[in-house]
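Here's the letter readout for the chains.
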Amino acid sequence: MASDSDSERTVPREESDSAMSELDEDGDEEVVEAPVAAPRVKAPVKLTEQALTIVALWTNDHGPPSPTSDQEPPSPDHPKPLPVDSRGKPLPIQQDHGEAARWFRLAADQGHAEAQLALGKCYSEGKGVGQNDDEGARWFRLAADKGHAGAQLALAKAYHDGKGVAQSDEEAASLWRLAADQGNMDGQCFLGWCYAEGRGVPKNDRESARWRRLAADQGHAPAYLALGAVLIEGIPDAVPADPCKGANLLALYAQTEIGEFGASGLNPALEVLRSHADNRDVVASCCIGCGAT
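Residues numbered from 1 in each chain as written. Predicted model: local features only at pLDDT ≥ 70, side-chain atom pairs only at ≥ 80, totals over all residues. Heavy atoms only, no water.

Turning next to helix α6 (residues 133-144). Over its twelve residues, α6 runs 16 Å from end to end, which matches the ideal 16 Å to within 8%, given 1.5 Å per residue. Those residues of α6 not exposed but buried are Gly136, Ala137, Trp139, Phe140, Ala143 and Ala144. Along the axis of α6, the buried positions cluster into a sector of 165 degrees, meaning they face one direction only. Contacts made by the buried residues of α6 are with α4 (97-108), α5 (113-125) and α7 (149-161). For α6, the side-chain oxygen to backbone nitrogen distance between the N-cap and Asp134 is 3.0 Å, and the N-cap itself is Asn132. (Helix = DSSP H or I, 4+ residues; strand = E, 2+ residues; numbered from the N terminus. Expected span 1.5 Å × (residues − 1). Buried < 20%, exposed > 50% of the residue type's maximum accessible area, 1.4 Å probe, protein only. Arc of directions from axis to C-beta. Contact = heavy atoms within 4.5 Å. Polar contact = N/O pair within 3.5 Å; in protein donor to acceptor, adjacent residues only side chain to side chain.)

Put into structure tokens, the structure is as follows:
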């Protein structure tokens, strides 16, 4: 008679992964192959925008692994381990453009649009890497092709300035339009400038005012200035004159720029006002808008 231990015998876990025994109808032992579990594939690291901004933030409780003698030393493409305290908590990091560029590259190589834009800026400004307009434009394009509005603006400027790419007003205007169509106020204001100057698109004052108004409605200071200057006198057959509204936009511009640049922020608005000093409605509206008496 079988013992209790025999009746309660189970297949060891390590053996059950590959095979287990059963009795067939004749009582003979038959080996049945157990299903083999699919191998676990380690998912690639996905760096979020927060991780790009704070590259030293480690989400685990133990911090990064400590370097050992058999580890390769840091290379330009592989950042060095981040500093941690005795408990493995991340320590403050000193500004280091080279390390930032290496972290940006790790994410950029995975197709992260924000990192591609950041790495492009590193190259265009020569921060952390050798200054290289061609590489800057290349990374801008990779992010712009993903629909990243900031990268579209950066690549548009590259085309406008002819840095890293052949100068082209048409390409610049096209990229500014892509950003503007996403509601980006910088793209809207730049596209308004293109229509006002006939750069990359046919000159069209009505379209220029429309795009600048869209940007102004979002609080874009340069659009306040550009649209305000146009509305003071208007443009025949394109933009009706509205001196009071134009002056109010200049006042909004002045309020915004004073907060950022101090008194010098008033200069552009004052230049426009000086040219219309004989128009009492304009001067009065701007003074009221600025809170002057």
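Now, onward.
With 26 residues, the main nonpolar core has Leu155, Tyr159, Trp176, Leu191 and Cys194 as its most contacted residues. Elements with a contribution of two residues or more to this core: α5, α6, α7, α8 (169-181) and α9 (185-197). Of all the elements, α7 adds the most residues to this core, at eight residues. Ranked by size, the runner-up nonpolar core spans 16 residues in total, among them Ala215, Ala216, Tyr224 and Ile232. (Core = buried A, V, L, I, M, F, W, Y, C linked by side-chain atoms within 4.5 Å.)

Between helix α10 (residues 205-216) and helix α11 (residues 221-233), the shortest axis-to-axis distance is 8 Å and the interhelical angle comes to 135 degrees. Viewed along their axes, α10 and α11 adopt a mutual orientation that is oblique. Handedness of the α10/α11 crossing: left-handed. Here Ala209, Arg212, Arg213, Ala215 and Ala216 of α10 lie close against α11, whose contacting residues are Ala223, Tyr224, Ala226, Leu227, Val230 and Leu231. (Axes fitted to C-alpha atoms, helices over the stretch in contact; angles between N-to-C directions. Parallel < 35°, antiparallel > 145°, perpendicular 65-115°, else oblique. Left-handed = near helix turned anticlockwise from the far one by under 90°.)

Here we take up the side chain of His148. Mapped onto the secondary structure, His148 falls in the loop between α6 and α7. Here the side chain of His148 touches Gly150 through a polar contact of 3.1 Å, landing on its backbone nitrogen. Excluding residues within four positions of it along the chain, His148 makes contact with Ala113, Glu114, Leu117 and Ala143.

Let us look at the pattern of salt bridges. With the rule as written, the count across this model stands at seven salt bridges. In this structure, Glu99 engages Arg102 in a salt bridge whose closest nitrogen and oxygen atoms are separated by 2.6 Å. Of this pair, Glu99 and Arg102 both sit in helix α4, three residues apart, which is roughly one turn of that helix. The class of Glu99 is buried, set by a relative accessible area of 9%. (Salt bridge = Lys/Arg side-chain N within 4 Å of Asp/Glu carboxyl O.)

This paragraph deals with the packing of aromatic side chains. Each aromatic ring pair is described using two quantities: the centre-to-centre distance and the angle formed by the ring planes. If you walk through the whole model with that rule in mind, you get two aromatic pairs. With a centroid separation of 4.8 Å and an interplanar angle of 15 degrees, the aromatic rings of Trp176 and Phe190 are classed as stacked. With a gap of 14 residues between them, Trp176 in helix α8 and Phe190 in helix α9 connect regions that are remote in the sequence. Its relative accessible area of 4% is what places Trp176 among the buried residues. Plain terms: the ring middles of Trp176 and Trp193 are 6.4 Å apart, the flat faces sit at 85 degrees to each other, and that makes the pair edge-to-face. Residue Trp176 is found in helix α8, and its partner Trp193 is found in helix α9; the two are separated by 17 residues along the sequence. Members of the aromatic cluster, each reached through a chain of ring pairs, are Trp176, Phe190 and Trp193. Positioned above the aromatic ring of Trp139 is the side chain of Arg138, whose terminal nitrogen or guanidinium carbon lies 4.7 Å from the ring centre. Between the NZ or CZ atom of Arg210 and the centre of the ring of Trp211, over which it lies, the distance is 4.6 Å. (Phe/Tyr/Trp six-rings, centres within 6.5 Å; stacked < 30°, edge-to-face > 60°. Lys NZ or Arg CZ within 6 Å of the ring centre and 35° of its normal.)

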